[in-house]
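The chain contents come next:
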Amino acid sequence: MTHHEFDDNHDWYERSGVRSGPHRTVSGPLDPATRFFPHHLVPYWDHPLVRALPERRRQELLARHLYHYLNFTAHFETRVVNRATERIADGRTGLDLPARVRLDAYRIYCDEGYHALFSLDVVEQIAAATGIPPLPYAFDPFLRQLDGIGAELLAGEPVLAQLLQVVVFETLVTSVLNEVPKDQEVLPVVREVVRDHARDEGHHHVYFSRFFERLWSDLPTSLKRRAARCLPELIVSSLTPDLRPVGAALTVAGLGPDAVRDVIADSYGTPASKGALRTTARHSVRLFRDAGALELPGAAEAFATAGLLVDVPDSAEIPREDPDEH
């Protein structure tokens, strides 16, 4: 594998959001009916108990769903993605990587820090413009669950577990990155920052796909077997929503404990949400299959048990820059 085959960041200084993108800001007063997030991407939006809430409370829920998404993004980028990316950049992976590959990892590190910055920036701007404050957010429970998978299935290999975490997350293709920029009813600043994020992530997807190929080829067979059984658990954990912030937002909106439990039970873990998970993970699963990971003992069964091997429509595209969006 040559440097050029690995590298997809040769024009980073000209096209990266942190280098060339404008500061995205809220313009003008926000209408009370502002759409902060696409309704169809909020699992509980059409639940009867949520539809029965006063309109102001529903708008607050929508704003806080956006806050949750942006806060999660900020934490995941810095505390999971950049934790592993810095290892790659600093040469602490155990792999003999060319300097160019390590430099590209530093560029991605800058990108991800910027994604965290503009995510929090937008939360603060919208909170100030609407008077809808964000609720306290704790990422630690989610991170403990994610790290716990590696500690259990890759015991004694914490670096490998972190590298697989970043490969998984950076090769997933979420509906948010694909759909929010195209939804003209969503608040422009939200469309813009998600579009900025998606442009960078398209390049990151290529980088980490190639990094995985290099990482996988260097692993001994015994570690490949363990890693292959760990990968589906990492995918599911990365894509399983943290329901604590959801419950907190529904409670503040005026629903009692029983109603909150009903809304969450009816809105999450449904066949539709499991199908969406498979679609989001499609490219990751294909990457691992092409590398031969699913041919190892117990791997295909682990992916099947996680619900990741059912065919889905070929609709999950890697976010790419659309020249018509400028």
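As a convention, each chain's residues are numbered from 1 in the sequence order in which they are written. With pLDDT at 70 or above as the cut-off, local features in this predicted model cover only qualifying residues; side-chain atom pairs require 80 or more to be listed or tallied, and sums for whole chains, interfaces and linings still use all residues. Based on all heavy atoms of the structure, the side-chain values leave hydrogens and waters out of the count.

Undergrad: Which parts of the structure should I look at to understand the overall build of the protein chain?
TA: Secondary structure elements are defined from DSSP: runs of H or I of at least 4 residues count as helices, runs of E of at least 2 residues count as strands, and each element is numbered from the N terminus. Check the secondary structure of the protein chain and you find 16 helices and 0 strands. Rg of the C-alpha trace for the protein chain: 20 Å, near the compact-globule value of 20 Å for 326 residues, within the 12% margin. In terms of overall dimensions, the protein chain has a C-alpha envelope of 60 × 45 × 35 Å along the principal axes. Classification of residues uses two cut-offs on accessible area relative to the type maximum, computed with a 1.4 Å probe and protein chains only: under 20% is buried, over 50% is exposed, and between them is partly exposed. Within the span of the protein chain, comprising 326 residues, buried residues form 54% of the whole. In the protein chain, the proportion of contacts linking residues at least 24 apart, taken out of those at least 6 apart, comes to 82%. As displayed, the protein chain offers around 14,800 Å² of accessible surface, 53% of which is attributable to carbon and sulfur atoms. Charge centroids of the protein chain, computed over 35 positive and 47 negative side chains, lie 3 Å from each other. Throughout, radius of gyration means the C-alpha value; the globule benchmark is 2.2 Å times the number of residues raised to the power 0.38. Contacts between residues were defined by any pair of non-hydrogen atoms, one from each residue, lying within 4.5 Å. Where accessible areas are quoted, they stem from the Shrake-Rupley method and a 1.4 Å probe; at the residue level, only the protein chains shown are allowed to cover. None of His or the chain ends enter the tally, which takes Lys and Arg as positive and Asp and Glu as negative. For this purpose, a charge sits on NZ of Lys, CZ of Arg, CG of Asp or CD of Glu.

Undergrad: What is the right way to look at a nonpolar patch on the surface in this model?
TA: To count toward a patch, a residue needs a relative accessible area over 30% and no salt bridge; like charges are then connected within 9 Å, while nonpolar side chains (Val, Leu, Ile, Met, Phe, Trp, Tyr) are connected within 5 Å. Think of a salt bridge as a Lys or Arg side-chain nitrogen and an Asp or Glu carboxyl oxygen that are within 4 Å of each other. A cluster of nonpolar side chains, namely Leu103, Tyr106 and Tyr109, defines an oily patch on the protein surface of about 270 Å² accessible area. Looking at where Leu103 falls in the secondary structure, it is placed in helix H6 (residues 99-130). Judged by relative accessible area, Leu103 falls into the partly exposed class, the value being 43%.

Undergrad: Where do I start with the packing of aromatic side chains in this structure?
TA: Given two aromatic rings, their pairing is described by the distance between the two centres and the angle made by the two planes. Any Phe, Tyr or Trp ring, taking Trp's six-membered ring, that has another such ring centre within 6.5 Å forms a pair; planes under 30 degrees apart are called stacked, those over 60 apart edge-to-face, and the others tilted. Across all of its chains, the model carries 14 aromatic pairs by this definition. The interplanar angle of 55 degrees and the centroid separation of 5.8 Å between the aromatic rings of Phe37 and Tyr69 together place this pair among those described as tilted. Highlighted residues: Phe37 in the loop between helix H3 (17-20) and helix H4 (48-51) and Tyr69 in helix H5 (residues 55-89), separated in sequence by 32 residues. Residue classification places Tyr69 among the buried positions, given a relative accessible area of 17%. Ring centres of Phe76 and Phe169 lie 3.9 Å apart, and the angle between their planes is 25 degrees; on these two criteria the pair is classed as stacked. Residue Phe76 is found in helix H5, and its partner Phe169 is found in helix H8 (residues 158-171); the two are separated by 93 residues along the sequence. Here Phe76 falls in the buried class, since its relative accessible area comes to 0%. By the ring-pair criterion, three or more aromatic residues cluster together here, those being Phe72, Phe76, Phe139, Phe142 and Phe169.

Undergrad: Can you help me understand the side chain of Lys224 in this one?
TA: With respect to the helices, strands and loops of the structure, Lys224 is situated in helix H11 (residues 221-239). At 8.4 Å, Asp218 is the nearest oppositely charged side chain to Lys224, a buried residue that forms no salt bridge. At 3.4 Å, the side chain of Lys224 forms a polar contact with the backbone oxygen of Trp216. Among residues more than four places away in sequence, those in contact with Lys224 are Trp216, Leu219 and Leu296. In protein, a polar contact requires one atom able to donate a hydrogen and another able to accept it; more generally it is a pair of N or O atoms within 3.5 Å, and residues adjacent in sequence count only if both atoms are side-chain atoms.

Undergrad: Any chance you could explain the confidence of the model for the protein chain here in plain terms?
TA: One confidence number per residue, pLDDT, is output by the predictor and ranges from 0 to 100. Scored by pLDDT, the protein chain has a mean of 91; 92% of the residues are at 70 or more. Looking across the protein chain, the model is least confident in helix H1 (residues 3-6), with a mean pLDDT of 48, and most confident in H4, with 98. Low pLDDT (under 50) marks residues 312-316, which in the prediction has 10 contacts with non-local residues, meaning those over four places away or in another chain.

Undergrad: What am I meant to see in the pattern of salt bridges here?
TA: Close approach of charged atoms allows side chains of opposite charge to pair. For the structure on display, the rule yields 16 salt bridges. With its nearest N and O atoms 2.3 Å apart, the salt bridge here joins Arg92 to Glu86. Arg107 serves as the salt-bridge partner of Asp104, at 2.6 Å between the closest nitrogen and oxygen. Taken together, the residues span about one helical turn, with Asp104 and Arg107 both in helix H6 at a distance of 3 residues. Classification of Asp104 by relative accessible area gives buried; the value is 0%. Among the charged side chains, a network of salt bridges with common partners joins Arg56, Arg57, Glu60 and Arg64.

Undergrad: Whenever I open this one, the nonpolar core confuses me. Can you help?
TA: Considering soluble globular proteins, one finds that nonpolar side chains tend to be buried as a cluster. Side-chain atoms within 4.5 Å link the members of a nonpolar core, which is a set of buried Ala, Val, Leu, Ile, Met, Phe, Trp, Tyr and Cys residues. Judged by nonpolar contacts, the single largest core of 53 residues is most densely connected at Phe76, Leu164, Phe211, Ile235 and Phe288. At the level of secondary structure, the elements contributing two or more residues to this core comprise H5, H6, helix H7 (140-153), H8, helix H10 (188-218), H11, helix H15 (282-290) and helix H16 (299-305). Among the elements that make up this core, the one with the highest residue count is H8 (8 residues). Beyond its immediate chain neighbours, meaning those up to four positions away, Leu164 contacts Leu154, Phe212, Leu215, Ala227, Leu231 and Leu234.

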